Amino acid sequence: MNTEKATFAGGCFWCMVKPFDSLDGIEEVVSGYTGGELKNPTYEQVCSNATGHVEAVQITFQPDVFPYEKLLDVFWTQIDPTDAGGQFFDRGESYQTAIFFHSEEQRLAAEKSKQELDNSGRFEKIVATPILEAKPFYLAETHHQDYYKKNPAHYNRYSVGSGRTAFIEKNWGGQA
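Just so it is clear, the structure is predicted and the values come from calculations on it, not from any experiment.

Asks: So what's going on with the overall build of the protein chain? Residues and values would help.
Replies: Looking only at helices and strands, the protein chain has seven helices and eight strands in total. Relative to the 2.2 N^0.38 estimate, which gives 16 Å for 176 residues, the radius of gyration of the protein chain is 15 Å and therefore close to what a compact globule would have. Projected onto the principal axes, the alpha-carbon positions of the protein chain cover approximately 35 × 35 × 30 Å. Within the protein chain, the fraction of its 176 residues that count as buried is 50%.

Here it is in structure tokens:
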């Protein structure tokens, strides 16, 4: 079966795994760090906002079952695409949003999707999420992987307490 990678930064990576994890054609969703130059960064280093890395998820998917364009649709509905300073109460460089493309086809699809969202009038501000070429992706520490499964009560409190859940319900009509 043909697979591809997709990489998205949407603020806290804990909250970006669950929306993709159970979809048909998704083989794996892992949390990690990307976008900076430091090799093998730690969570503490990334959270210092001095590495250039962001928290991100990397998705291994079957494009014939779940096309990249549908992944983009899911991604947009999990974030505030107009917030360039982080996501919800998580502020700073490491919590910024981004789409990291792995091919020219992904770049074009991401740009089209972003333009369509911008033109939709859904938000008063422009979409601030950059579209960047994929850089090396470093897996986050084991305790960060599948956090929503390992610590469901804390995950749910975090999603609600951060403001993510309310934003998604208000602006996208879905659940975080």
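Having seen the model, we can carry on.
Asks: Now, about unusual backbone geometry: what can you tell me, with residues and values included?
Replies: Even without being a glycine, N40 presents a positive backbone phi close to 50 degrees. Looking at where N40 falls in the secondary structure, it is placed in the loop between β2 (26-34) and α2 (43-47). Take N40: its relative accessible area is 59%, and that puts it in the exposed class. For F88, which is not a glycine, the phi torsion comes out positive at approximately 55 degrees. Tracing the backbone through its elements, the reader meets F88 in the loop between β4 (86-87) and β5 (90-91). Since its relative accessible area comes to 16%, F88 is described here as buried.

Asks: Please set out the side chain of D83 residue by residue, giving values where relevant.
Replies: Tracing the backbone shows D83 in the loop between α3 (68-76) and β4. Looking at D83, the relative accessible area reads 16%, which means it is buried. One polar contact links D83 to R91, side chain to side chain, over a distance of 2.8 Å. When residues no more than four places from it in sequence are discounted, the contact partners of D83 are F88, R91, T97 and A128.

Asks: Outline the packing of helix α1 (residues 14-21) against α3, supporting the account with residue identities and numerical values.
Replies: The interhelical angle for the contact between α1 and α3, taken along N-to-C directions, is 135 degrees, at an axis separation of 10 Å. By the angle between their directions, the pair α1 and α3 is classed as oblique. As α1 runs across α3, the sense of the crossing is right-handed. Mapping the contact onto sequence places M16, P19 and F20 in α1 and L71, V74 and F75 in α3.

Asks: Any details on the nonpolar core? Residues and values, ideally.
Replies: F8, F20, I59, Y68, L71, W76 and I99 are the most contacted members of the largest nonpolar core, which has 41 residues in total. Aside from chain neighbours lying at most four places away, what touches Y68 is A6, F8, F61, I99, Q106, A109 and A110. V30, V54, F100 and F137 belong to the second largest nonpolar core, which has seven residues in total.

Asks: Would you mind going over the pattern of salt bridges in detail, with residue names and values included?
Replies: Scanning the model with the defined rule gives six salt bridges in all. Note that R91 and D83 form a salt bridge whose closest N and O atoms lie 2.8 Å from each other. As a salt-bridge pair, R107 and E111 come within 2.8 Å of each other at their nearest N and O atoms. Taken together, the positions of R107 and E111, both in helix α4 (residues 104-119) and four residues apart, correspond to about one turn of that helix.

Asks: Pulling in residues and values, what's your account of the UniProt feature "active site" (unreviewed entry) in the protein chain?
Replies: Mapped onto the present numbering, the UniProt feature "active site" (unreviewed entry) falls on C12. By secondary structure assignment, the location of C12 is in the loop between β1 (4-10) and α1. Given the relative accessible area of 4%, C12 is considered buried. Every residue in contact with C12, bar those within four places of it in the chain, is listed here: E55, D90, Y95, Y158 and R164.

Asks: Which residues make up the environment of P136, and what values do they have?
Replies: Here P136 is to be found in the loop between β7 (131-133) and β8 (138-139). Along the primary structure P136 and Y33 are separated by 103 residues, whereas in three dimensions their C-alpha atoms are 8.5 Å apart. When neighbours within four sequence positions are excluded, P136 is seen to be in contact with Y33, T34 and G35.

About the cut-offs
- Residues numbered from 1 in each chain as written.
- Predicted model: local features only at pLDDT ≥ 70, side-chain atom pairs only at ≥ 80, totals over all residues.
- Heavy atoms only, no water.
- Helix = DSSP H or I, 4+ residues; strand = E, 2+ residues; numbered from the N terminus.
- Rg over C-alpha atoms; globule rule 2.2 N^0.38 Å.
- Buried < 20%, exposed > 50% of the residue type's maximum accessible area, 1.4 Å probe, protein only.
- Polar contact = N/O pair within 3.5 Å; in protein donor to acceptor, adjacent residues only side chain to side chain.
- Contact = heavy atoms within 4.5 Å.
- Axes fitted to C-alpha atoms, helices over the stretch in contact; angles between N-to-C directions.
- Parallel < 35°, antiparallel > 145°, perpendicular 65-115°, else oblique.
- Left-handed = near helix turned anticlockwise from the far one by under 90°.
- Core = buried A, V, L, I, M, F, W, Y, C linked by side-chain atoms within 4.5 Å.
- Salt bridge = Lys/Arg side-chain N within 4 Å of Asp/Glu carboxyl O.
- UniProt positions renumbered as here; feature names shortened; annotations may be inferred.

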